[in-house]
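Structural overview for review
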Amino acid sequence: MKKFLLALAAACFMSATACAAPTEITLPTVSTESNLSVMQALSQRQSSRNFVDKALTPEQLSKILWAANGTNRDNGKRVNPAAMGVYSVEVYAVTKEGIYLYDAGKHKLNLIAEGDFRAVTTTGQDFAKRAAVNLVYVETPDAWQSARHTPPPREGQISSANILVGAMVQSVALAAETEGLGNCVRGSINRDEFKKVAKLPDAKNILLAQSVGFTK
Ligand SMILES: Cc1cc2nc3c(=O)[nH]c(=O)nc-3n(C[C@H](O)[C@H](O)[C@H](O)COP(=O)(O)O)c2cc1C
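Owing to the predicted nature of the structure, the values given are computational and were not obtained by experimental measurement.

Thresholds applied
The residue numbers shown here count from 1 along each chain, following its written sequence. Where totals are concerned, whole chains, interfaces and linings use all residues; where local detail is concerned, this predicted model gives features only for residues with pLDDT of at least 70, and gives and counts side-chain atom pairs only at 80 or more. Hydrogens and water molecules were not included; the side-chain quantities draw on all heavy atoms of the structure. Note on aromatic pairs: the rings of Phe, Tyr and Trp (six-membered ring only in Trp) are paired at centre separations within 6.5 Å, and the planes decide the class, stacked below 30 degrees, edge-to-face beyond 60, tilted for the rest. Two thresholds decide whether a charge sits over a ring: the Lys NZ or Arg CZ must be within 6 Å of the ring centre and within 35 degrees of the ring normal. The salt bridge definition used is simple: a Lys or Arg side-chain nitrogen within 4 Å of an Asp or Glu carboxyl oxygen. What counts as a helix is a DSSP run of H or I of at least four residues, what counts as a strand is a run of E of at least two, and both are numbered from the N terminus. Categorising residues by exposure relies on relative accessible area from a 1.4 Å probe, with only protein chains included: less than 20% of the type maximum marks a residue as buried, more than 50% marks it as exposed, and the intermediate range marks it as partly exposed. When we say a residue is near a molecule or strand, we mean one of its heavy atoms is within 4 Å of it. Polar contacts here mean pairs of N or O atoms no more than 3.5 Å apart (in protein, one a potential hydrogen donor and the other a potential acceptor; neighbouring residues in sequence count only if both atoms are side-chain atoms). Residue exposure ignores everything except the shown protein chains as possible cover, and the areas themselves are Shrake-Rupley values with a 1.4 Å probe. Three categories are distinguished: nonpolar for Ala, Val, Leu, Ile, Met, Phe, Trp, Tyr, Cys and Pro, charged for Asp, Glu, Lys and Arg, and polar for the others, with Gly belonging to the last. One less than the residue count of a helix, multiplied by 1.5 Å, gives the span that helix is expected to have. Only strands joined by at least two bridges in the DSSP assignment are considered to pair.

Applying the stated criterion to the full structure yields two aromatic pairs. One Lys or Arg, Lys 54, reaches over the ring of Phe 214 and ends 4.2 Å from the middle of that ring.

Printed below as a string of structure tokens:
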């Protein structure tokens, strides 16, 4: 086993492509099975900051992203409620491998930037650098173009996005509890740097981050 790991490390060192982050990650179908009831998860919810640097399993990552912004009905509507059904908040998953944008319709992740950018999701809280995944919630005003009725003025759009993100982070917190994972909602984000590395256009607004991962 030790030999295999050493060989793998050497291969990665010699060939950048051998260990490249996948450009797409198709997430496994979400399991809604849990030994923890919603009420138990609520009673356990709290912020954790004692993360250890250990990746989530694909099943855990799937569950967390689905709770954040997944669809839960055939009509494409989602786990979390949104004003006028306009889902104006996108979720970026920042892992050790890269920055990924979650595609809710296809339940997959698309690579935006390769590399470990977890430090860029914080202004200096070291625990974020160890969390398996930092979710970054980004308001995307373009989403209102899909509204069936006249969209609210900009102020109302921002307010709706902030209410939506509140539901999203709480759903993730509860899903994390069912997996024995810690989470911490964070407003302190290096917004300027993250905008650059995630190639976000100026019109998009970074609302909140949430660290999720194994804890000590
Ligand atoms: C909008 C918002 C922003 C927050 N920002 C941060 C943050 O930047 N860093 C942090 O460590 N915790 C942050 N928190 C977590 C709060 O500090 C935490 O929820 C609060 O102290 C209550 O503790 P509890 O979550 O364990 O109940 C934030 C929470 C919210 C709702």
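What follows concerns the pattern of salt bridges. Enumeration according to the criterion identifies nine salt bridges in this entry. Note that Lys 108 is salt-bridged to Glu 24, the shortest N-O span being 3.0 Å. Here Lys 108 is found in strand E4 (residues 108-114), whereas its partner Glu 24 is found in strand E1 (residues 24-26), with 84 residues between them in sequence. Classification of Lys 108 as buried rests on a relative accessible area of 12%. With a relative accessible area of 45%, Glu 24 lands in the partly exposed category. Two residues, Glu 179 and Lys 63, come together in a salt bridge whose shortest N-O distance is 2.8 Å. Of this pair, Glu 179 sits in the loop between helix H5 (154-178) and strand E6 (182-186) while Lys 63 sits in helix H3 (residues 58-69), and the two are 116 residues apart along the sequence. When its relative accessible area of 28% is taken as the criterion, Glu 179 is described as partly exposed. Where salt bridges share partners, they join Asp 53, Lys 96, Asp 116 and Arg 118 into one cluster.

Below, the discussion takes up the site of the ligand. Arg 45, Gln 46, Ser 47, Arg 49, Gln 125, Phe 127, Cys 184, Val 185, Arg 186, Gly 187, Ser 188 and Leu 208 make up every residue found near the ligand. A distance of 2.8 Å is found between an oxygen atom of the ligand and a side-chain nitrogen or oxygen belonging to Arg 49. The separation between an oxygen atom of the ligand and a polar side-chain atom of Ser 188 is 2.9 Å. Here the ligand loses 51% of its free accessible area of 620 Å² to cover by the protein chains. Among the elements that make up the shell around the ligand, the one with the highest residue count is E6 (three residues). Taken together, the residues of the shell around the ligand sort by class into four nonpolar, five polar and three charged.

Along its 25 residues, H5 runs 37 Å from first to last C-alpha, staying within 8% of the 36 Å computed at 1.5 Å per residue. Two residues or fewer past H5, Gly 180 is found with a positive phi of approximately 70 degrees.

Moving on, we come to unusual backbone geometry. Look at His 107: it is not a glycine, yet its phi comes out positive at around 50 degrees. For Lys 199, which is not glycine, the phi torsion reads 55 degrees and is therefore positive. Within the secondary structure layout, Lys 199 lies in the loop between helix H6 (191-197) and strand E7 (205-213).

Across the five residues that make up E6, a large majority, four, are buried. Here five bridges tie E6 to E7, and the two strands are oriented antiparallel to one another. Following the sheet pairing, Val 185 is matched in E7 by Gln 210.

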